[in-house]
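Structural description and commentary
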Amino acid sequence: MLDLQYVRENFDAVREKLSRRNFDPKLLDDFHNLDIERRTLIRERDEMNAASNRISKEVGAMMREGRKEDAEALKAESRSITEKSKSVEARLEELESEFRAILTGVPNLPHESVPTGTDESANKEARRWGTPRDFAAEGFDPKDHVDIGNALGILDQERAAKITGARFSVLMGLGAKMERALISFMLDLHTREHGYTEVLPPFMVNEATLFGTGQLPKFEEDLFKVRFERDYYLIPTAEVPVTNLHRDEILNEKDLPIYYTAYTPCFRSEAGSYGRDVKGLIRQHQFDKVEMVKFAKPEDSYEELEKMTANAEKVLQLLELPYRVITLSTGDMGFSAAKTYDLEVWLPSQNTYREISSCSNCEAFQARRAQIRFRREGKSKTEFVHTLNGSGLAVGRTWLAILENFQQADGSVKVPKALIPYLGVDVISA
């Protein structure tokens, strides 16, 4: 959520920045109109308080002079002013609530380095790593991961559809083991080499938690809701519970930055994506992901974003998967992000790069919603931390990228060297 005072004091600048995000500035007009009413009421309240103080002094003087009847008349006027003042204060409290209600639906302001655009077409490529295989030179056409997985007997979507429905998958044998191997490989890398602390959070969360990271109230349709003794939601990403670990807390400056990593299944309704990527593991209702979350001081957060992105890249490099890094435009960023890098892995069957990680700096946007603050050494005033999150990586998409990039002409799949100790074999074959 944006800083209420900042929006008041920089209204035109906020409107301009939001227009870069394709956010209709007119939606802020209610905020502006309410703020005009607020300033009017504050002036009235201050005038009434001044009048009440003046009357109080006059009443005191009259009582000392023995002018009791005159004093009583002024007391009656003072009571009337007090009642009006209470009504004004009540309306000011209502206005504060209305301001916050408006701001909960307003996205984060983009960092100045983010390219302006209406959609993904304005995204900017930052760099590439690795060279895609030339399958034509090897004498065969690459298959997609569904055909490979079915032929190897490690992927079964038909039975998944029978036991649950569309956009679910069953992994079998070495397919299931490779999923587990990838999770362990990623967690070990992030904890042993990148300095993250592993967390295993709940896979269901409450409404306050989802409000803190920005999913509620605006994006409820994207969530799976569970009805029990109270309302819970299945998590769409580990970012949600892990970021909220420090909700309503004041952290010490000396403890920052804090790095967490977590494996969780993720659950998404994929509302609005009907007909997109219906085949295979690209867009599932349930998928595994290893997430990275950081809490940083404001002056350090963009350096931490670069480090986090490099941590995600290291996974792809060790797995020998070609990829590129994209800076998302203002029209393609998520609701809570101020700046985002997407990592896109090469998929031979599609002859293109597809997203496998998204690393974002949310600045103080989530921290303000979740009330996550820190206190600098020797200072009494608290500040909001900056929160960052990134996929390190989406496990299912890594799984399918390995199948496609390491497939062989005989239908087998070589295992990347870094993964062999975890999987126990160097080739997956029928």
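Quick notes on the rules
Residues numbered from 1 in each chain as written. Predicted model: local features only at pLDDT ≥ 70, side-chain atom pairs only at ≥ 80, totals over all residues. Heavy atoms only, no water. Buried < 20%, exposed > 50% of the residue type's maximum accessible area, 1.4 Å probe, protein only. Helix = DSSP H or I, 4+ residues; strand = E, 2+ residues; numbered from the N terminus. Arc of directions from axis to C-beta. Contact = heavy atoms within 4.5 Å. Phe/Tyr/Trp six-rings, centres within 6.5 Å; stacked < 30°, edge-to-face > 60°. Lys NZ or Arg CZ within 6 Å of the ring centre and 35° of its normal. Expected span 1.5 Å × (residues − 1). Core = buried A, V, L, I, M, F, W, Y, C linked by side-chain atoms within 4.5 Å. Pairing = 2+ DSSP bridges. Axes fitted to C-alpha atoms, helices over the stretch in contact; angles between N-to-C directions.

Now for helix α2 (residues 11-19). For α2, the full list of buried residues reads F11, V14 and L18. Each buried residue of α2 sits inside an arc of 60° when the element is viewed along its axis, so together they form one side. Buried positions along α2 lie against α1 (4-9) and α3 (29-65).

What follows is about the packing of aromatic side chains. Following the criterion strictly, the structure yields ten aromatic pairs and no others. Ring geometry for F11 against F31: centres 6.1 Å apart, planes inclined by 10°, an arrangement best described as stacked. Of the two residues, F11 sits in helix α2 while F31 sits in helix α3, which places them 20 residues apart along the sequence. Take F11 and F31: they sit in the same class, and that class is buried. A centroid spacing of 4.9 Å and a plane angle of 40° characterise the contact between Y196 and Y259, whose relative ring orientation is tilted. On the criterion of sequence distance, the pair formed by Y196 in the loop between α8 (174-192) and β4 (197-199) and Y259 in strand β9 (residues 258-267) is long-range, its members being 63 residues apart. The pair formed by Y196 and Y259 is uniform in burial state, with each residue classed as buried. Of the aromatic side chains, those joined through ring pairs into one cluster are F11, F31 and F99. The ring centre of F211 lies 4.1 Å from the NZ or CZ of R369, which sits over that ring.

Relative to the 54 Å expected for 37 residues at 1.5 Å per residue, α3 spans 54 Å between its end C-alpha atoms, a close match to the ideal helical length. Within α3, burial applies to F31, L34, D35, R38, L41, M48, A51, S52, I55, V59 and M62. Summarising the contacts, the buried residues of α3 are in contact with α1, α2 and α4 (68-103). Following α3 by one or two positions, G66 has its phi on the positive side, about 80°.

The biggest cluster of nonpolar side chains holds 48 residues, and the ones touching the most others in it are M178, L182, W399, I402 and L419. In terms of residue count, the dominant contributor to this core is α8 (eight residues). Sequence-distant contacts of W399, defined by excluding residues within four places in its chain, comprise I154, L155, L171, G175, M178, E179, L182 and L281. In terms of nonpolar packing, the next biggest core, distinct from the first, is built from 30 residues, V7, A51, L74 and F99 among them.

Right, let's talk about the sheet that holds β9 for a bit. With mixed pairing, eight strands are arranged side by side in an open sheet as β1-β11-β12-β13-β16-β10-β9-β4. The open sheet has two edge strands with one neighbour each: β1 (124-129) and β4. Neighbouring strand axes in the sheet, compared pairwise and without regard to direction, differ in orientation by 25° on average. Both strand β12 (residues 339-347) and strand β13 (residues 352-361) contribute to a ladder of nine bridges, which runs antiparallel. Each residue of the ladder has a partner; that of Y341, found in β13, is C359. Running at roughly 10° to strand β10 (residues 286-296), α8 makes contact with β4, β9, β10 and β16 (386-394) of the sheet. Helix α13 (residues 395-405) contacts β10, β12, β13 and β16 of the sheet and is inclined by roughly 35° relative to β16.

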